[in-house]
Amino acid sequence: MSNLSDDQMRRLRDLVDAPDLTGTRYRIERRIAVGGMATVYLAHDESLDRNVALKVLSLPDSGTDLAPRMLREARIVAQLEHPAIVPIHDVGTLSDGRVFYSMKFVQGQTLDQQVASQSNLNDRLRLFLRICDAVAFAHSRGVLHRDLKPSNIMVGAFGEALVMDWGIAANVRESGEARPAVASTAGSSPDPVTQDGVVIGTPGYMSPEQAAGSAKAVDHRTDVYGLGTVLYFMLTGRPPVSDSAAAVAIDRAIRGEITPPRSINSDVHRTLEAVCLKAIALRTEDRYDTVDALSRDISLYLDGEPVSARVERPWERAGRWINKYQFIVIIALVYIIVRFFFLLWRGL
Amino acid sequence: MSKPLLGVILGAILGVIDGLTALFAGPEVAAQIVGIVIGSTIKGIIAGVIIGFVAHKYNSLPLGLLVGGVVGLGLAYLVAMFPDETGKHYYVEIMIPGTLVGLILGYATQKFGRRPARQTA
């Protein structure tokens, strides 16, 4: 009797775990990713003859809040029609009661994979601006993502950024309150991820207010913090709080124990470090008030203009100006040298 | 500010500065400085109009620099063709700075100034 290889075992397990899609128009191709609540598959849409990503709840709903949460996620994302947000195509329930939804299948890399191969910092910052744009759009629709991190951002084959995994997103407008709303699809029970004392997010990237389980303090500036952690990763290749133990990471996030980016990567410009540290400030009131304000500072940095996060010293301002207008400075210097040369020439 | 207007204003300013630098050539030039500055300013304005108009029509930094350099050089050559009272020409002294002024104008008009709004059908 021959033993099965790891690969064969994995395929066998995938086959057993694969959801029964009878009655739907989808056919599973392969598993893409497994999350805590759901599994994402590459599936083929037989009706439209195209590949889609199919997110299926890991377990049939057995009185838990998972199914309503997933439906809520699908409905929230469906509201967000934006080029940098993956569009939802369809939502439904399988014969075993598992909720699923299909969305655009994005071919590319997650941001953490992409950053390693993208050496040009300015290109990374332009990508960051597109991510900010998507989050600002979601905020304009009253939606908070609450789990922004590099692995939740896909970079497509043409360099397009796509913000993924809105699984713990909240719609602020549904409740009319300043804090994330109770899920409209969850019946009368409140959304547990918005209740005080519940820690949501990813250790290493979660904001201090999320780490402290303070749902009332979670607002759009929590996403500003999330974007700040993404920027931090783009600058250093590491999360702001990196500790293998989740409890320690959460504790460090609560205390705001973050190593400045320049201590990890000395090539990071002081201005960028200031922008990043302002975005991930411990107190929400010390952060950028909006995603647009953060985005504006990055744009100003890219344009060689002063940013709101940092007051420049006079020589830094002069250096930035010279750097920005290098060509004019060089030509003007050449002009002066040429004139000086002619002066000396005539004097001889 | 439109690009041609920027070209005219910057051309005039650089023309005045370029003309005034002639003062460093020696005390004998001081008597002619007004004429030199006026001529240099007119040269700068003409260069600014041409270079600014090109920047208005075409959004290309290399083209702007090329046109700026050529126009600056060409106009400086026309000026240098006129000798001083002793019959001496100053081709190099006039044409090299003139070309540099043209390059500055070409760069500035491509980088700055309002671009015309795109018309849609």
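The residue count restarts for each chain, going from 1 along the sequence in the order it is written. The lettering of chains begins at A and the numbering of ligands begins at 1, in the order of writing. In keeping with the model being predicted, local features are shown solely for residues with a pLDDT of at least 70 and side-chain atom pairs are shown and tallied solely at 80 or more, while totals for entire chains, interfaces and linings include all residues.

(A) The arrangement of the overall build of chain B in detail. The helix and strand tally for chain B stands at four helices and zero strands. Counting from the N terminus, the helices are the DSSP runs of H or I reaching at least four residues and the strands are the DSSP runs of E reaching at least two. Overall, chain B shows an N-to-C arrangement of helices and strands of α-α-α-α. Its C-alpha atoms put chain B at 60 × 20 × 20 Å along the principal axes. Expressed as a percentage of its 121 residues, the buried residues of chain B come to 39%. Counting other C-beta atoms within 10 Å of a residue's C-beta gives its exposure: the residue is buried at 20 or more, exposed at 12 or fewer, and partly exposed in between, where C-beta atoms are placed from the backbone.

(B) Spatial organisation of the overall build of chain A. A tally of regular secondary structure across chain A gives 13 helices and ten strands. Counting every position in chain A, which comprises 348 residues, the buried fraction comes to 38%. Here, residues touch in the contact sense if the C-beta positions derived from the backbone fall within 7 Å of one another. Counting only contacts in chain A whose residues sit at least 6 apart along the sequence, the fraction spanning at least 24 positions is 60%.

(C) Seen up close, the confidence of the model for chain A. All names here are of chain A. Per-residue pLDDT for chain A averages 84, and the proportion of residues at 70 or more is 88%. Taking the mean pLDDT of every element in chain A, the minimum, 67, falls on helix H5 (residues 172-175) and the maximum, 96, on helix H11 (residues 291-302). As a per-residue measure, pLDDT reflects the predictor's confidence and takes values from 0 up to 100. Counting interchain partners and residues more than four positions distant, the pLDDT-below-50 stretch residues 177-195 has 45 contacts.

(D) Fine view of the sheet that holds strand E3 (residues 50-57) of chain A. All names here are of chain A. DSSP-based pairing: two strands are paired if at least 2 bridges between them are found. Spatial strand order, E1-E2-E3-E5-E4: five strands in an open sheet with antiparallel pairing. Looking at which strands have only one partner, the edges of the open sheet turn out to be strand E1 (26-34) and strand E4 (88-93). Averaged over all pairs of adjacent strands, the angle between their axes in this sheet comes to 25°, without regard to strand direction. All axes here are fitted lines through C-alpha atoms, helices being fitted over the stretch that makes contact, and every angle between N-to-C directions spans 0 to 180 degrees. In the packing of helix H2 (residues 66-79) onto the sheet, the strands contacted are strand E2 (38-45), E3, E4 and strand E5 (99-104), and the crossing angle to E4 comes to about 160°.

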